[in-house]
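# Fold and geometry: a report
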Amino acid sequence: MGLKSKDRRDIYYRRAKELGFRARSAFKLLQIDDEYKLLQGCSRAVDLCAAPGSWSQVLSRRLWEDGEDKTKETRIVAVDLQEMAPIPGVVQLQGDITSRRTAEDIIGHFEGKLCDIVVSDGAPDVSGLADIDEYLQAQLLLAALNIATFVLRPGGAFVAKMFRGRDVTLLYAQLRQFFPLVTIAKPKSSRNSSMEAFVVCQNYTPPQGYTPTMITPMLAADYTKSSSGAAGAGEGDAAMTNAAPAPAPASTSAKDDKRNDLLGVNKVVVPFVACGDLSGFDSDQSYALSKAAAENYLAPTQLPINPSYKEAIERKRTAGAGSTKSIQ
Ligand code: SAM
């Protein structure tokens with residue numbers, strides 16, 4: 001088979017295949033870790049929005065020694081909406097990181113032990129509508145941070161994809177409520193033309209009195225509804241908090257009750273502002289291939305198990321074989 005155009009265009013795409021990584025994004029975490037040494041001495045990690053699994057592969061390679069029995073304990077839990085092919089030493093959960101259930105499942109797998117690092121490379125399906133895309137990205141970052149507050153040990157680290165934009169300083173200030181050391185990293189493998197960058201947050205130190213909670217107005221499907229209709233991140237998410245609900249002022253309307261559950265430090269730190277511009281496309285850069293590389297096609301390490309485009313291809317095939325009717 002000949003080279004795919006991506007092999008020619010993108011050196012990280014090709015290097016990922018050479019090193020057995022499922023995606024070029026592996027290099028983003030590798031380069032962040034090379035800079036910050038976050039995985040040194042790390043025993044337990046959570047990989048949010050993990051599919052197809054190249055970050056989990058990095059974690060597996062750095063948290064387990066060669067030849068160790070990778071079934072003896074849980075060190076890495078990976079979560080994604082999509083199914084992932086197995087990775088040795090990684091427990092996989094299929095779920096939504098905005099749901100209370102997912103946070104509970106992760107905690108359950110660590111048998112109550114807290115972890116050293118939470119990473120999230122989450123990205124929503126880009127709609128092309130900048131406002132919506134920015135909003136969704138902010139939701140994911142918030143959801144990842146929320147889960148981190150449940151599972152991270154004091155002193156732990158949090159790395160998450162964000163989009164650089166004019167509100168980046170606000171995001172920085174908000175993350176500083178939980179982490180005294182916050183930097184924004186742009187690994188070389190992340191394209192210059194992309195707004196993508198990564199917040200690297202170290203030394204987890206929640207504000208005094210902070211209680212992890214899944215109740216957050218930004219996660220509500222429609223937080224303008226009354227509190228009985230606005231169910232936070234998902235049905236029953238309120239049960240995730242141990243905090244005694246603060247009494248709402250007598251004059252507050254029902255719709256405000258939900259928002260006013262977040263009082264004190266919680267109220268200060270939970271809201272995020274959508275920032276960044278998702279409408280820019282990545283630009284591929286070209287690198288000269290060695291003669292050997294140019295002649296040898298490498299198959300992808302792991303083909304997608306159940307890609308979202310699978311059904312469309314099937315329908316197209318069926319439509320093509322049976323009739324001339326176009327796909328709706
Ligand atoms: N870090 C991954 C790797 O190295 O293979 C790539 C992650 S990919 C860029 C973004 C992932 O975010 C997708 O697999 C998508 O399914 C996942 N995702 C988006 N929203 C999610 C959600 N609410 N819960 C869980 N996963 C989500």
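Residues numbered from 1 in each chain as written. Predicted model: local features only at pLDDT ≥ 70, side-chain atom pairs only at ≥ 80, totals over all residues. Heavy atoms only, no water.

Here we take up the UniProt feature "active site" (unreviewed entry) in the chain. The sites that UniProt annotates as "active site" (unreviewed entry) are Lys 161. Its location among the elements puts Lys 161 in strand S5 (residues 152-163). A polar side-chain atom of Lys 161 sits 3.0 Å from a polar atom in the side chain of Asp 121. (UniProt positions renumbered as here; feature names shortened; annotations may be inferred. Helix = DSSP H or I, 4+ residues; strand = E, 2+ residues; numbered from the N terminus. Polar contact = N/O pair within 3.5 Å; in protein donor to acceptor, adjacent residues only side chain to side chain.)

Under the criterion given, the structure shown has 13 salt bridges. One salt bridge connects Asp 33 with Arg 62, and the closest N-O pair in it is separated by 2.6 Å. With Asp 33 in helix H3 (residues 26-36) and Arg 62 in helix H4 (residues 54-63), this pair connects stretches of sequence that are 29 residues apart. Judged by its relative accessible area of 36%, Arg 62 falls in the partly exposed class. Through salt bridges with shared partners, a single network forms among Lys 28, Asp 121, Lys 161 and Glu 196. (Salt bridge = Lys/Arg side-chain N within 4 Å of Asp/Glu carboxyl O. Buried < 20%, exposed > 50% of the residue type's maximum accessible area, 1.4 Å probe, protein only.)

Let's shift gears to the sheet that holds strand S6 (residues 181-185). Read across the open sheet, the 7 strands follow the order S3-S2-S1-S4-S5-S7-S6; overall the sheet is mixed. Only two strands of the sheet have a single partner each, and these edge strands are strand S3 (90-94) and S6. Ignoring which end each strand starts from, the neighbouring axes of this sheet average 15° apart. Sheet topology note: the strand S1 (residues 45-48)/strand S2 (residues 76-80) ladder contains 4 bridges and is parallel. Of the residues in S2, the one forming a bridge with Leu 48 is Val 79. In the packing of H3 onto the sheet, contacts are made with strand S4 (115-120), S5, S6 and strand S7 (196-202), and the angle to S7 comes to roughly 40°. Against the sheet, H4 makes contact with S1, S2, S3, S4 and S7, and its axis sits at roughly 170° relative to S1, the strand it touches most. (Pairing = 2+ DSSP bridges. Axes fitted to C-alpha atoms, helices over the stretch in contact; angles between N-to-C directions. Contact = heavy atoms within 4.5 Å.)

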